[in-house]
Amino acid sequence: MQITLLQAFLVGVVYYMGFVGTPWLIGCLGSLSTIQKPLVAGVLVGFILGDPVQGCIIGAAVQMPFIAYIFAGGAQPNDPGLAGTLGVALALAANLEPEAAVAISVPIALVGTIVNVIRMTLDVTFVHMIDRACEKGDMKQAVFLHIVPPQILCFVLCVVPVTLGCYFGVDAVNGIIQVMQGRPLYTLEVIGGILPALGIAMNLRTLDRPGTLIWFVFGFILSAYLGLGAMPIAIIGFVIAFFYVQLETKAEEGRGAAAPQIAATSASTSRVASDDSDDDFE
Amino acid sequence: MAEETKNVAAMPNTEGHHLDKRDVSRAWFKWVCLSNTNYNYERLMASALLASFSHIPDKLYPGDEQKRIEFMKRQMEFYNTEPHFGCIINGLALSMEEEMANGSAVTPEAITAVKTGLMGPFAGIGDTLWQGTLTPILLAVAMPLATQGNLLGPLLYIILMYAIMLFISHFMFFTGYNSGKEGIESMMASGSIKRLIATASTMGAIVLGCLANSYVTCTSYLQIPVGEGYIDLQATLDSILKGGVPLAITLLTWYLLKKKNMNSTVVLLILVAIGVVLGATGLFGGTAA
């Protein structure tokens, strides 16, 4: 299948719509949480290329390495948005199996991080322009500068590379997949398979409580040996967490109440002890 | 006493420049839409706070150009938090602005202190609950449907995500606005927030364990010929611990991030290198013979 220029452009627009901070579908909810997910973008790209069902299947596969993806404080380890748009479009056009789609999406997601770095650097210019608007008390201009120029910049940064990538990339992908048949492709699949570890570990780091790792291993074993899905494990996890935290709080309160007593007792015993020693000396 | 009241009444601000529910709702909705439109390395969400409060000066300082300029500059300080849980701080900052405009003892420094003091903790809570717990659970529910080509999977994901997060952020914004500084401080001190974080983190860790088992995959199809038969590497690994290799890789990743303080890009490259070694040597990956 060949991607037309219009289709390529529309895939670029999907990438833009999923880019962190586009305001049009209620901010981060519509972008980061929705369109940026290959699960959702896959369906949209599928509609554009005329096969939403296959887009959905490929999108779900490409979603897997990014299941626990976290975007925090502007740091982006990789870019699921580009994988879910450019990656899915190329996979659909080249008629790839879901596994091969994951394999080509992984390097695409790594390249995608550049877009965010450029964008967050250039946006600094607008902050200084807004500062000047504030000096004049010009609210209309400040709001305009907050939305319109950064979004035009973002649109260009997103749409241009994806349009070009979709339009010219299909033959390249076909060629690459031909060359990489066998071990190289398996290797990319292995990388795609272990990539979710990064998102999961980054999330574990944000949780950062004593015992986090033990609960993590517990959840892992529940899933590996009982074969339970995410929803039942979430519910079991909630029940356990609820009672565990309640007990923990009780224990802390108990310790808090006991502490002054212990201090008092130890003070009195030490006095007794010193009395004793005084006695011995006498 | 009577004289005092008269004096106060003579001051322009005491007739009260109050915000109604609609003003607060607008500030919330504009914030949710605009929080990251001008996301940048220098001050992150500062101009978003200003844009979400753009209708406020007309209400609090009608006709006072100098106050309006001061108000605008105040919002342009460094600000960065998680937009949905963290907007409890925006609500709080808005209520403090309103009190200050009506002559209470709130100072601009107090607003800055509250913002900078709370934005970190709430970013942590928010990212943990939203991106770290809710998002993966909803994805894990939707993906099995989507893998079969069922479009209801993505649709279900979208509907649940919007419904839950809009409810939460609206609730947080109004909680911040209504309970004020003392309310939030006592909430933090009473330990109810601490308990909520502890419960969510524990549950989150368990769910992440499940996700690590389901989605970190590293399967071997290698069969080592021994005498007449073969040793199946994967079956041997499974007999020790099911999913042992993915578990080890995830724990190693955590160790590099947390204990070695590596940044995520470096860790990513290390994971790619591990993948290349495991894959290219033929130990892992491929298809069943």
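Residues numbered from 1 in each chain as written. Chains lettered and ligands numbered in written order. Predicted model: local features only at pLDDT ≥ 70, side-chain atom pairs only at ≥ 80, totals over all residues. Heavy atoms only, no water.

**What about the overall build of chain B?**
Helix and strand content of chain B: 12 helices and two strands. In terms of C-alpha radius of gyration, chain B reaches 27 Å, well past the compact-globule figure of 19 Å for 289 residues. Dimensions of chain B, computed from C-alpha atoms along their principal axes, come out at roughly 105 × 40 × 35 Å. For chain B, the proportion of its 289 residues judged to be buried stands at 53%. (Helix = DSSP H or I, 4+ residues; strand = E, 2+ residues; numbered from the N terminus. Rg over C-alpha atoms; globule rule 2.2 N^0.38 Å. Buried < 20%, exposed > 50% of the residue type's maximum accessible area, 1.4 Å probe, protein only.)

**Describing helix 6 (residues 87–101) of chain B**
All names here are of chain B. Over its 15 residues, helix 6 extends 21 Å from the first C-alpha to the last, a length consistent with the 21 Å expected when each residue adds 1.5 Å. For helix 6, a buried count of 14 out of 15 residues is recorded, marking the element as mostly surrounded by other parts of the structure. One or two residues past the end of helix 6 sits G103, with phi positive at roughly 85 degrees. (Expected span 1.5 Å × (residues − 1).)

**Notes on the environment of G286 of chain B**
Topologically, G286 of chain B is positioned in the segment after helix 12 (264–280). Through-space distance from the C-alpha of G286 of chain B to that of S25 of chain B is 55 Å; in sequence the pair is 261 residues apart. Setting aside anything within four residues of it in sequence, one finds G286 of chain B in contact with R183 and Y186 of chain A together with Y221 of chain B. (Contact = heavy atoms within 4.5 Å.)

**Regarding the domain arrangement of chain B**
A common way to express how large an interface is: the accessible area buried when the components associate. Taken domain by domain, chain B comprises domain 1 (9–204) and domain 2 (218–280). A straight line from the C-alpha centre of domain 1 of chain B to that of domain 2 of chain B covers 42 Å. (Domains from an automatic or database assignment.)

**A few points about the pattern of salt bridges**
Residue and element names in this part refer to chain B. This model, assessed by the stated rule, comprises 10 salt bridges over all chains. The salt bridge partner of D23 is K59, with a shortest N-O separation of 3.4 Å. Highlighted residues: D23 in helix 2 (residues 21–34) and K59 in helix 4 (residues 56–60), separated in sequence by 36 residues. According to the relative accessible area criterion, K59 is partly exposed, its value standing at 35%. In this structure, R43 engages E42 in a salt bridge whose closest nitrogen and oxygen atoms are separated by 2.9 Å. Classification of R43 by relative accessible area gives buried; the value is 14%. (Salt bridge = Lys/Arg side-chain N within 4 Å of Asp/Glu carboxyl O.)

**Let's talk about the environment of V32 of chain B**
In this fold, V32 of chain B is placed in helix 2. Sequence separation between V32 of chain B and C87 of chain B is 55 residues; the distance between their C-alpha atoms is 8.5 Å. Aside from chain neighbours lying at most four places away, what touches V32 of chain B is I26, G27 and C28 of chain A together with H84, L166 and S169 of chain B.

**Notes on the domain arrangement of chain A**
Residues and elements named next belong to chain A. Assigned domains of chain A: these are domain 1 (5–208) and domain 2 (209–282). Domain 1 puts four residues into the contact, and the matching count from domain 2 is four residues. Of the roughly 340 Å² buried between domain 1 and domain 2, counting both surfaces, carbon and sulfur atoms make up 78%. Taken as a group, L204, L207 and D208 account for 88% of the area that domain 1 buries against domain 2, more than any other trio of residues on that side. Classifying every residue of the side of domain 1 that touches domain 2 gives three nonpolar, no polar and one charged. (Buried area = accessible area lost by both parts, 1.4 Å probe. Nonpolar A, V, L, I, M, F, W, Y, C, P; charged D, E, K, R; others polar.)

**Description of the interface of chain A and chain B**
Each partner contributes residues to the interface: chain A has 105 residues there, and chain B has 108 residues. Both sides of the chain A and chain B interface together cover about 9,300 Å² of buried area, and 74% of this is carbon and sulfur. Taken together, the connections running from chain A to chain B amount to two salt bridges. Of the charged contacts in the structure, one is a salt bridge between K73 of chain B and E135 of chain A, with a shortest N-O distance of 3.3 Å. Seen at the junction of chain A and chain B, the total is 24 residue pairs in polar contact (both at pLDDT 80 or more). Element by element, the count of residues in the side of chain A that touches chain B is highest for helix 6 (residues 98–136) of chain A, at 17 residues. Tallied by class, the residues present in the side of chain A that touches chain B amount to 68 nonpolar, 25 polar and 12 charged. (Polar contact = N/O pair within 3.5 Å; in protein donor to acceptor, adjacent residues only side chain to side chain.)

**Regarding the packing of aromatic side chains**
Taken as a whole and assessed by the stated rule, the structure comprises 14 aromatic pairs over all chains. Taking the centre distance of 5.8 Å and the plane angle of 80 degrees together, the rings of Y15 of chain A and F19 of chain A count as edge-to-face. Looking at Y15 of chain A, the relative accessible area reads 2%, which means it is buried. The class for F19 of chain A is buried, based on a relative accessible area of 3%. Through successive ring pairs, a cluster of aromatic residues spans F9, Y16 and F155 of chain A. The ring centre of Y79 of chain B lies 5.8 Å from the NZ or CZ of K115 of chain B, which sits over that ring. (Phe/Tyr/Trp six-rings, centres within 6.5 Å; stacked < 30°, edge-to-face > 60°. Lys NZ or Arg CZ within 6 Å of the ring centre and 35° of its normal.)

**Observations regarding the environment of L92 of chain A**
All names here are of chain A. Mapped onto the elements, L92 comes out in helix 5 (residues 80–93). Considering only alpha carbons, one finds L92 and Q54, 38 residues apart in sequence, at a separation of 7.6 Å. Those residues in contact with L92 that sit more than four places away from it in its chain are M1, V45, G46, L49, Q54, G55 and I58.

**Concerning a nonpolar patch on the surface**
Residues and elements named next belong to chain A. Judged by side-chain polarity, L5, F144, V148, I152, V156, V160, L164, Y167 and F168 come together as a nonpolar surface patch covering roughly 840 Å² of accessible area. No other element matches helix 7 (residues 139–180), which puts eight residues into the nonpolar patch. Mapped onto the elements, F168 comes out in helix 7. (Patch = residues over 30% accessible without salt bridge, like charges linked within 9 Å, V, L, I, M, F, W, Y side chains within 5 Å. Areas by Shrake-Rupley, 256 points an atom, 1.4 Å probe, with all protein chains shown as cover.)

**Here's the deal with the side chain of D123 of chain A**
Looking at the secondary structure, you find D123 of chain A in helix 6. For D123 of chain A, a relative accessible area of 0% translates into the label buried. Dropping the residues within four chain positions of it, D123 of chain A is found in contact with P150 and L153 of chain A together with T37, N38, Y39 and N40 of chain B.

**Brief notes about the pairing of strand 2 (residues 229–232) of chain B**
All names here are of chain B. When strand 1 (residues 223–226) meets strand 2, the two strands line up antiparallel, connected through four bridges. Looking at the pairing, Q223 lines up with D232 of strand 2. Hairpin connection between strand 1 and strand 2: a loop of two residues separates the two successive antiparallel strands, and G227 in this loop has a positive phi of roughly 55 degrees. (Pairing = 2+ DSSP bridges.)

**Some remarks on the nonpolar core**
Core analysis: the biggest nonpolar cluster contains 179 residues, and I200 of chain A together with L94 of chain B have the highest contact counts within it. Those residues within four positions of I200 of chain A in sequence are excluded, and the remaining contacts are A68 and F216 of chain A together with L208, L211, A212, V216 and T250 of chain B. (Core = buried A, V, L, I, M, F, W, Y, C linked by side-chain atoms within 4.5 Å.)

**Observations regarding the packing of helix 2 (residues 27–35) of chain A against helix 7 (residues 108–147) of chain B**
Orientation of helix 2 of chain A relative to helix 7 of chain B, taken along the N-to-C sense of each, is 60 degrees, at an axis distance of 12 Å. Taken as axis vectors, helix 2 of chain A and helix 7 of chain B run oblique relative to one another. Helix-helix and strand crossings are classified by hand; for helix 2 of chain A and helix 7 of chain B the assignment is right-handed. Judged by residue contacts, C28, L32 and S33 of chain A of helix 2 of chain A engage W130, Q131 and T135 of chain B from helix 7 of chain B. Of the residues in the contact of helix 2 of chain A with helix 7 of chain B, the class split is three nonpolar, three polar and no charged. (Axes fitted to C-alpha atoms, helices over the stretch in contact; angles between N-to-C directions. Parallel < 35°, antiparallel > 145°, perpendicular 65-115°, else oblique. Left-handed = near helix turned anticlockwise from the far one by under 90°.)

**What about helix 9 (residues 192–215) of chain B?**
Given a rise of 1.5 Å per residue, 24 residues ought to cover 34 Å, and the 34 Å separating the end C-alpha atoms of helix 9 of chain B matches this to within 8%. By the criterion of burial, helix 9 of chain B is predominantly enclosed, with 17 of the 24 residues buried.

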